[in-house]
Amino acid sequence: MQPLAYRLRPEKFEDIVGQEHLVGKNGIITNMLKKDQLCSMILYGPPGVGKTSIANVICSYFPLNHYFFNASVDQKSKLKEIIDSANYYENCLVIIDEIHRMKKDTQDYLLPYLENGKITIVGLTTENPYSAINPAIRSRCHIYRLNEIKKNDLINLLKNAIIKAGLKAISDDVLEYIAISSSMEVRTALNMLEVVSMLDEINLTNAKEVIGAKSFAADQNGLNYYDLLSAMIKSIRGSDVDAAMHYLARLLKIGDLAIIARRLKISAYEDIGLANPYVGPRVMAACDAALDVGLPEARIPFAYAVCELALSPKSNSAYEAINEATADLETLESMSIPPHILNRELKSGKYKYLYPHDYPNGYVKQQYMPDELLGKKYFHPKTTGKYERALKERYDELNKD
């Protein structure tokens, strides 16, 4: 018999939970299909949140001219066959699973057909496309992140699944336990529901027994995995090394090393930043070592990183600076580059660029900021670390009237 998750796979966007921003009534993908203007896109997010389901529903709009390509196992020859078949259609759709694993020569072959619109792709990945996918592919696609599924949404989905599949009634406490134990993954939750529904007597004790160790993998106290990650980072930010180590230990029980490494690397630059600029490379090295050696030894370099991050002085001045600069891009329509630092204007000979290295101490005062932002200050240095205190002195000296 086919698994419950397969039998109940969504056949329309209304069946997909938690992704209203993409496939809800006013979702971007919904509107694309309404207007018959589907663009190439990459869908990314954790496992079990609906990436494949969305792709399958999109395929229903292209009944004759859609194809599937798995970048982790399929060869370039298969992509050639797909593109050859596309000659019979004005445009065809290709679903590319695990697009972050696509080999370079396959990417190079794909690019011109993606560029000229011969094919439209929907790439699927659990990795962050901004770091895991070739920029040439990425720049030709819209990138959409799928939300993590909320517990109440998943419980409601399980209740509907019970009705659709004609399963035994199951109490709310068991459904909540399934939702938590699945780490909010729809596919995993449905598979758990199917096993629990086979019990002669369905109660929380029996459900825990048949689900087994998976319940601890999500978290023995019923917290969402992402809550644990957040708690670890907040403990680091708050300089509580013992609490951070506690949450690290719980996360290591789950075993997803890549996401732990990612969050620690981000913390090094977001929370510690210029207060201890050397921590970034050291944490990167520790995280790479953890990923290389794997469990159980990975706990050692991760512990090293957590200790140093938690006990380092903290500064988010660089983080705040780029956030402020980005916010201005949303509010200002025109921000012209001053002509004396614009290469095409310098070639005309009308303007003179002052080369700083020709002046004492490698500095000469001239305008770099667009006129519209003249006088704007984004960087507000802190004094929590020696290095940033030195930067602040330099910054203040350069900005004297």
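Residues numbered from 1 in each chain as written. Predicted model: local features only at pLDDT ≥ 70, side-chain atom pairs only at ≥ 80, totals over all residues. Heavy atoms only, no water.

> An account of a nonpolar patch on the surface is needed here, citing residue identities and associated values.
Taken together, Y353, Y355 and Y368 make up a surface patch of nonpolar side chains, about 310 Å² in accessible area. Tracing the chain through its elements places Y353 in the loop between α20 (343–346) and α21 (386–398). For Y353, a relative accessible area of 34% corresponds to the partly exposed category. (Patch = residues over 30% accessible without salt bridge, like charges linked within 9 Å, V, L, I, M, F, W, Y side chains within 5 Å. Areas by Shrake-Rupley, 256 points an atom, 1.4 Å probe, with all protein chains shown as cover. Salt bridge = Lys/Arg side-chain N within 4 Å of Asp/Glu carboxyl O. Helix = DSSP H or I, 4+ residues; strand = E, 2+ residues; numbered from the N terminus. Buried < 20%, exposed > 50% of the residue type's maximum accessible area, 1.4 Å probe, protein only.)

> How would you explain helix α6 (residues 104–115) if you had to name every residue and give the values?
Taking 1.5 Å as the rise per residue, α6 with twelve residues should run 16 Å; its terminal C-alpha atoms sit 16 Å apart, in good agreement. Inspection of α6 places T106, Q107, Y109, L110, L111 and L114 among the buried residues, and these make up the whole buried set. G117 sits one or two positions beyond α6 and adopts a positive phi of about 80°. (Expected span 1.5 Å × (residues − 1).)

> Can you tell me about the environment of V122, naming the residues and giving the values?
Looking at where V122 falls in the secondary structure, it is placed in strand β4 (residues 119–125). Sequence separation between V122 and I42 is 80 residues, and the spatial gap between their C-alpha atoms is 5.6 Å.

> Explain the pairing of β4 residue by residue, including any values.
Note on strand geometry: in a regular strand, side chains alternate between the two faces of the sheet. Counted residue by residue, β4 has seven buried out of seven residues, so it is predominantly covered. Covered by surrounding structure in β4 are I119, I121, G123 and T125 together with T120, V122 and L124, the residues of both alternating faces. Sheet topology note: the strand β1 (residues 41–44)/β4 ladder contains four bridges and is parallel. Within the sheet, the bridge partner assigned to L43 lies in β4 and is L124. Two elements, strand β3 (residues 92–97) and β4, share six bridges in a ladder whose sense is parallel. Its bridge partner being in β4, L93 is matched across the sheet by T120. You can see the chain leave β3, run along α6 and come back into β4, and the turn it takes is right-handed. (Pairing = 2+ DSSP bridges. Right-handed = clockwise from strand over helix to strand, strands pointing away.)

> Explain the layout of surface pockets to me, using residue names and the numbers behind them.
Reported here for the largest pocket is a volume of approximately 930 Å³. Taken together, 33 residues make up the lining of the largest pocket; nearest its centre are P46, T126, Y226, D256 and I259. Its residues placed into classes, the lining of the largest pocket shows 17 nonpolar, seven polar and nine charged. Of the volumes computed, that of the second largest pocket is approximately 710 Å³. Around the second largest pocket, the lining is made up of 30 residues, and of these P10, G50, S53, V186 and R187 lie nearest the centre. Listing elements by their share of the lining of the second largest pocket, those giving two or more residues are α4 (51–59), β4, α9 (151–165) and α11 (186–197). When the residues that make up the lining of the second largest pocket are grouped by side-chain class, the tally is 13 nonpolar, nine polar and eight charged. (1 Å grid on protein atoms, 1.4 Å probe; cavity = no way out; pocket = protein on both sides within 12 Å on 5 of 7 lines; lining within 4 Å. Points joined across faces, edges and corners; volume = space filled by probe spheres on them. Nonpolar A, V, L, I, M, F, W, Y, C, P; charged D, E, K, R; others polar.)

> Explain unusual backbone geometry residue by residue, including any values.
The omega angle of the peptide bond from L295 to P296 is 5°, so this bond is cis rather than trans. Within the element layout of this structure, P296 appears in the loop between α17 (279–293) and α18 (299–311). For D36, which is not glycine, the phi torsion reads 55° and is therefore positive. Tracing the chain through its elements places D36 in the loop between α3 (28–34) and β1. With a phi close to 50°, E98 is a non-glycine residue in the positive phi region. With respect to the secondary-structure elements, E98 resides in the loop between β3 and α6.

The analysis is restricted to geometry; functional conclusions fall outside its scope.
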